[in-house]
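# Fold and geometry: a report
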Amino acid sequence: MKGLIQLAVRDEDMLDEREQIIDQLMHEYSDDILHLVYTYVKNRSTAEDLTQEIFIKCYEKLNQFNQQATIKTWVYRIASNHCKDYLRSWHYRKIMLSDKIWDYIPSKTKQLEEEIIKNSEEDILTNSVMSLPLKYREVVFLHYYEELSLREISKITTVNINTLKTRLKRAKELLKDKMKEEV
Amino acid sequence: MNDPFMNLKSSMKKSIFKDLSFSNERKSAVKEAIRTNQQSQFDNWNSETIIAILESVQHESKDGYNISIQLFQKNEHTFQKNEGQLYTLLHLLENKEILTSNWINKKKYYSLNSKGKKYLATYKEDISKQKISLEHLIEEASL
């Protein structure tokens, strides 16, 4: 297949165009996407791996992007779906969860860590949000951290706007309970 | 108390997202993956096979079955007893925007995209150049 590759390389602007788009997307959104992924998977290196996969996926699916949505909501949607696929995957459920068992076995170092983590108000708020169930955590994060409108969030998650409103309200109630526990 | 999530953004930035950034190494890894993926997908195919497909749809759009018949007529037997692979390749060419497709009567008709036309034209140009240089060689040798 040398011939076509050479042609493709010669045809530089065509090949480069899609690569440039991805480059630009990474430049603009990669940190936001990484943070979004982290709120789903709660693990730094997993989040980095998944973010990498997400941008490769964007490249592969770029020709399926129709101009109906903004490119930003499109990328977020790919990211959100990719994370949910991961959380549903065999690997995550069997391997990562068995690692998590250690979280429930009390140890001294763990307690110490938590004490350090717990000391500031910022950490209390962050930890409370991170411990919300996924469907609340997702909408809270997209709305308050990524500062997206409910309409945009609805496009990303394919959840009805009114449902999102209810979830936000419920999330606030849950948060208040959690904050009381912490303090 | 007003909105409890008011300070979420700054709080998260100061805590869990502190120093959490998509590094340049990670970005390069993405680009690297894109490049190798681009090549390896086509590496499995013979360039003559691809050109034969492009030629078969250059004047009119055809469905997969008619493309396969035309390939046999051209003595291109890559897909003989292995027709499924043809559809994989058609799909790939479509994804790379070399072919476009239309659904007519539950059949998918493929035709050349502008990119595909360009490939085909450049390929033919190369072939004719090669021929000319060969002819030159033969001429010179016979003199």
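Residues numbered from 1 in each chain as written. Chains lettered and ligands numbered in written order. Predicted model: local features only at pLDDT ≥ 70, side-chain atom pairs only at ≥ 80, totals over all residues.

Bringing the packing of helix H4 (residues 71-88) of chain A against helix H9 (residues 150-157) of chain A into the picture now. All names here are of chain A. Across the interface, H4 lies against H9 with an axial gap of 8 Å and an inter-helix angle of 50°. Overall, the two elements H4 and H9 adopt an arrangement that is oblique. For the pair H4 and H9, the sense of crossing is right-handed. On the side of H4, the interface is formed by Thr73, Tyr76, Arg77 and Ser80, while H9 contributes Glu152, Lys155, Ile156 and Thr157. Its residues assigned to classes, the contact of H4 with H9 comprises two nonpolar, three polar and three charged. (Axes fitted to C-alpha atoms, helices over the stretch in contact; angles between N-to-C directions. Helix = DSSP H or I, 4+ residues; strand = E, 2+ residues; numbered from the N terminus. Parallel < 35°, antiparallel > 145°, perpendicular 65-115°, else oblique. Left-handed = near helix turned anticlockwise from the far one by under 90°. Contact = placed C-beta atoms within 7 Å. Nonpolar A, V, L, I, M, F, W, Y, C, P; charged D, E, K, R; others polar.)

Interfaces are often described in size by the accessible area the parts lose on coming together. Across the contact, 35 residues belong to chain B and 35 residues belong to chain A. Mapped onto the side of chain B that touches chain A, the elements with two or more residues apiece are helix H1 (8-14), helix H2 (24-43), helix H3 (47-56) and helix H6 (114-142) of chain B. Of the residues forming the side of chain B that touches chain A, the biggest block, 10 residues, is contributed by H2 of chain B. For the side of chain B that touches chain A, the residue count by class is 17 nonpolar, nine polar and nine charged.

Of the residues in chain A, 77% reach a pLDDT of 70 or more, and the chain-wide mean stands at 82. Low pLDDT, under 50, characterises residues 7-13 of chain A; the stretch is placed with six contacts to residues that sit more than four places away or in other chains. (pLDDT = per-residue confidence, 0-100.)

We now examine the packing of helix H4 (residues 64-73) of chain B against helix H5 (residues 83-95) of chain B. Each pair of packed helices can be summarised by the angle the axes make with each other and by the distance between the axes. All names here are of chain B. Direction vectors running N to C along H4 and H5 enclose 110°, while the axes themselves pass 11 Å from each other. When the interaxial angle is binned, H4 and H5 end up roughly perpendicular. The hand of the H4/H5 crossing is right-handed. Contact residues: Gly64, Ile67 and Ser68 in H4; Glu83, Leu86, Tyr87 and Leu90 in H5. Considering only residue class, the contact of H4 with H5 consists of four nonpolar, two polar and one charged.

Moving on, we get to the sheet that holds strand S1 (residues 62-63) of chain B. Residues and elements named next belong to chain B. With respect to topology, three strands assemble into an open sheet ordered S1-S3-S2, the strand pairing being antiparallel. Each edge of the sheet is formed by a strand with only one pairing partner; in this case those strands are S1 and strand S2 (99-104). Where S2 meets strand S3 (residues 107-112), six bridges bridge the pair, whose relative direction is antiparallel. If you follow asparagine 102 over to S3, its bridge partner there is tyrosine 109. (Pairing = 2+ DSSP bridges.)

What follows concerns the environment of valine 140 of chain A. The topology assignment puts valine 140 of chain A in helix H8 (residues 134-145). On the neighbour-count criterion, valine 140 of chain A (23 C-beta atoms within 10 Å) is buried. In this structure, the C-alpha to C-alpha distance between valine 140 of chain A and methionine 130 of chain A, residues 10 residues apart in sequence, is 9.9 Å. Excluding residues that lie within four positions of it along the chain, valine 140 of chain A makes contacts with Val129, Leu132, Leu168 and Ala171 of chain A together with Phe5 of chain B. (Buried ≥ 20, exposed ≤ 12 C-beta atoms within 10 Å, placed from the backbone.)

Turning to helix H7 (residues 121-130) of chain A, its buried residues number three or more, namely Leu125, Thr126, Ser128 and Val129 of chain A. For H7 of chain A, the angular spread of the buried residues around the axis is 165°, confining them to a single face. (Arc of directions from axis to C-beta.)

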